[in-house]
Amino acid sequence: MTERIARLTGVTTVGVDLGVAALEAQWRQRTAALLSFDVASAYELPFEDGLFDCVCALEVLEHLERPGDALAELARVAGRFLVLSVPREPLWRIAHVLAGRDIRALGNTPGHINHWSARRFRQLVARYGRVRRLARPFPWTIITLERP
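Residues numbered from 1 in each chain as written. Predicted model: local features only at pLDDT ≥ 70, side-chain atom pairs only at ≥ 80, totals over all residues. Heavy atoms only, no water.

Caption draft 1: Local environment of the side chain of glutamate 3. With respect to the element layout, glutamate 3 can be found in helix α1 (residues 2–9). The exposure class assigned to glutamate 3 is buried, which follows from its relative accessible area of 16%. Ignoring any residue separated from it by four or fewer positions in sequence, one finds glutamate 3 in contact with Arg30, Thr31, Ala32 and Leu35. (Helix = DSSP H or I, 4+ residues; strand = E, 2+ residues; numbered from the N terminus. Buried < 20%, exposed > 50% of the residue type's maximum accessible area, 1.4 Å probe, protein only. Contact = heavy atoms within 4.5 Å.)

Printed below as a string of structure tokens:
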């Protein structure tokens, strides 16, 4: 997604993830102009306050033990917008069970430790900005927040 964003927008785009060798190998294959990657934690980003016009956390927050802390840090570096996506529960798990995936975990994807309905996710993120848009493409929740 980071490479797609860079290609579609033509603006400087920075991807951030944990320093995992498999991810870093994939990063080296991404060649869009104005695209770079950094290793960092969502809890401590190496960027100035308000540096980015838009910060995206796509398929991130459901994996974090302290999503509120990560949201505060994402909001800190976002100058104007945050775009956040998470699996929409319980649809995510139901879809996985129906597809025969993650049956023993009742449809829960390994590593997903947070589970939000669209309404509960909106309640969580609303304290970090004004909800400009809430979309529910199956089976995700995507929220665009505007920073004050």
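Once you've had a look at it, read on.
Caption draft 2: Molecular detail of the pattern of salt bridges. Inspection of the entire model under this criterion finds eight salt bridges. For arginine 76, the salt bridge goes to glutamate 73, with nearest N and O atoms at 2.8 Å. With a gap of three residues between them, arginine 76 and glutamate 73 both fall in helix α3 (residues 67–77), about one helical turn apart. Judged by relative accessible area, arginine 76 falls into the partly exposed class, the value being 26%. In this structure glutamate 73 comes out as buried when scored by relative accessible area, which is 12%. Glutamate 146 is the salt-bridge partner of arginine 80, the closest N and O atoms lying 3.5 Å from each other. A residue pair is termed long-range when its members are at least 10 positions apart, and arginine 80 in strand β4 (residues 78–87) and glutamate 146 in strand β6 (residues 140–146) qualify at 66 residues. The exposure class assigned to arginine 80 is partly exposed, which follows from its relative accessible area of 45%. Salt bridges linked by common partners bring Arg80, Arg130, Arg132 and Glu146 together as one network. (Salt bridge = Lys/Arg side-chain N within 4 Å of Asp/Glu carboxyl O.)

Function cannot be read off these values alone, since they describe shape.
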